[in-house]
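Here is how the chains run, residue by residue.
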Amino acid sequence: MSDNRRVYLDYSATTPVKKEVLDTMIPYFTENFGNPSSLYTIGLESKAAIDHAREQVAGLIGAKPSEVYFTGGGSESDNWVLESIANDMKAKGKGKHIITSRIEHHAVLYTCQFLEKNGYDVTYLDVDEEGFVSPEDLEKAIRDDTILVSIMFINNEIGTIEPIKELAEVAHRHNILFHTDAVQAIGNTAIDVHEMGIDLMSMSSHKIYGPKGEGALYCRRGIRIPSFIHGGAQENGKRAGTENLAGIVGFGKAAELATQNLEHHIQHCSELRNYLIERVIATIPDVVVNGPKDMSRRHPGNANITFKYIEGESILLLLDSFGIAVSTGSACSSKSLEPSHVLSSIGLSDDIIHGTIRFTVGDMTTKEDIDYVVEKLGIVVARLREISSVSAEKGW
Ligand SMILES: *Cc1c(COP(=O)(O)O)cnc(C)c1O
């Protein structure tokens, strides 16, 4: 532990705000602080800044600016879609059945559980051993009273890129709305919402080098989604409350950078991720890589690896003592020892799940970072295995 190196390999949990993004935001806290709803000059300037950010976010996903609503983040967007569409459809007598998958983020999964307690039916589709949802399974699950299909674009734990276009096609063949949680997807894969047939899509700023507490919902033109926060006329009357001006400006800038850097970002991340996996396999025995084998169908920065016979929590803590940040399964459940619902859905046993670490690389990751992590990982895993074999021998 001689050097004070710090390596952050948890970009799927959150990302640092890029300097260009921060620089763009700062004036909106100080000089350009006007309320976007005010009619004098500094208010109008704030309104124009929000309009510009809306164009930047729309540009990242192939949407029209009028189809983008700013929210307080990915979780809020997920809650908004599920609750509002469910309420609206049930009130209109169109049904009360929702279809989602077993591997959704808790923002979708727990909202669905909440809806179930309130009289809705939810079908949770199984996934295969790589985390893929099958369009055939979706087809079979559709009922006369199905009102919404919600399947995530890219899984946050194992990086699976779902066949979104095919899934949306199935939903549309039955006249059902299709929503996707694209928090892990924007900036990590090319998205054209119109071409892909996406009706509603959740996004977040802090996973793409923008500020936390900011996000957006894409809502295809012609779909009437009820408002989620009632009050003022902000966001076309759909999401009341004085806008998080600097946050929106920052998200807009982050989206613009993500659009410009998309190809380079994907190449940079996938190269380093592949290098990490190769080095781990070559230097550490008894490891298993989870998630899609075909790297083109996987989040470019995601490596999910099981180290057999030891605990992920212990690996995480020892790596932390070397200045390395990684995650076990998913950050949201890191405080509980509940096995990850994603890893159990792809058929892994509890033992294997408990030895699993998620590494996610990003724009600031370097090859030296990976070399450092692989070196320390070798030490940490060997040490933990030694302890676990000693305790096994002594029957502890
Ligand atoms: C991070 C994440 C969210 C939550 O987004 P917030 O902006 O943190 O609320 C939702 N879904 C997925 C897939 C995520 O990775």
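1. Digging into the pattern of salt bridges
Consideration 1: By the definition in use, this model includes 18 salt bridges.
Consideration 2: Here Asp-10 ties to Arg-358 by a salt bridge, and the two come within 3.0 Å at their closest N and O atoms. Note that Asp-10 is positioned in the loop between strand E1 (7–8) and helix H1 (19–25) and Arg-358 in strand E12 (residues 356–360), a separation of 348 residues in sequence. Considered together, Asp-10 and Arg-358 belong to a single accessibility category, that of buried residues.

2. Observations regarding the site of the ligand
Consideration 1: Every residue near the ligand is listed here: Gly-73, Gly-74, Ser-75, His-105, Met-152, Asn-156, Asp-181, Val-183, Gln-184, Ser-204, His-206 and Lys-207.
Consideration 2: Here an oxygen atom of the ligand sits 2.7 Å away from a polar atom, N or O, in the side chain of Ser-75.
Consideration 3: Gln-184 has a polar side-chain atom sitting 2.6 Å from an oxygen atom of the ligand.
Consideration 4: In isolation the ligand exposes 380 Å². Once the protein is present, 88% of that is buried.
Consideration 5: Here the shell around the ligand is built from residues that sort into two nonpolar, eight polar and two charged.

3. Thoughts on the sheet that holds strand E2 (residues 68–71)
Consideration 1: The seven strands are arranged E2-E8-E7-E6-E5-E3-E4 in an open sheet whose pairing can be described as mixed. Pairing within the sheet leaves two strands with one partner each, and these edge strands are E2 and strand E4 (121–125). Here the strands of the sheet are splayed against their neighbours by 20 degrees on average, with no regard to which way each runs.
Consideration 2: In the sheet, E2 pairs with strand E8 (residues 215–219) via four bridges, with the strands oriented antiparallel. Among the inter-strand pairings, Thr-71 is bridged to a residue of E8, identified as Gly-215.
Consideration 3: The sheet strands contacting helix H2 (residues 41–61) are E2, strand E7 (200–204) and E8, and the helix crosses E2 at an angle near 110 degrees.

What counts and what doesn't
Residues numbered from 1 in each chain as written. Predicted model: local features only at pLDDT ≥ 70, side-chain atom pairs only at ≥ 80, totals over all residues. Heavy atoms only, no water. Salt bridge = Lys/Arg side-chain N within 4 Å of Asp/Glu carboxyl O. Helix = DSSP H or I, 4+ residues; strand = E, 2+ residues; numbered from the N terminus. Buried < 20%, exposed > 50% of the residue type's maximum accessible area, 1.4 Å probe, protein only. Near = heavy atom within 4 Å. Polar contact = N/O pair within 3.5 Å; in protein donor to acceptor, adjacent residues only side chain to side chain. Areas by Shrake-Rupley, 256 points an atom, 1.4 Å probe, with all protein chains shown as cover. Nonpolar A, V, L, I, M, F, W, Y, C, P; charged D, E, K, R; others polar. Pairing = 2+ DSSP bridges. Axes fitted to C-alpha atoms, helices over the stretch in contact; angles between N-to-C directions. Contact = heavy atoms within 4.5 Å.

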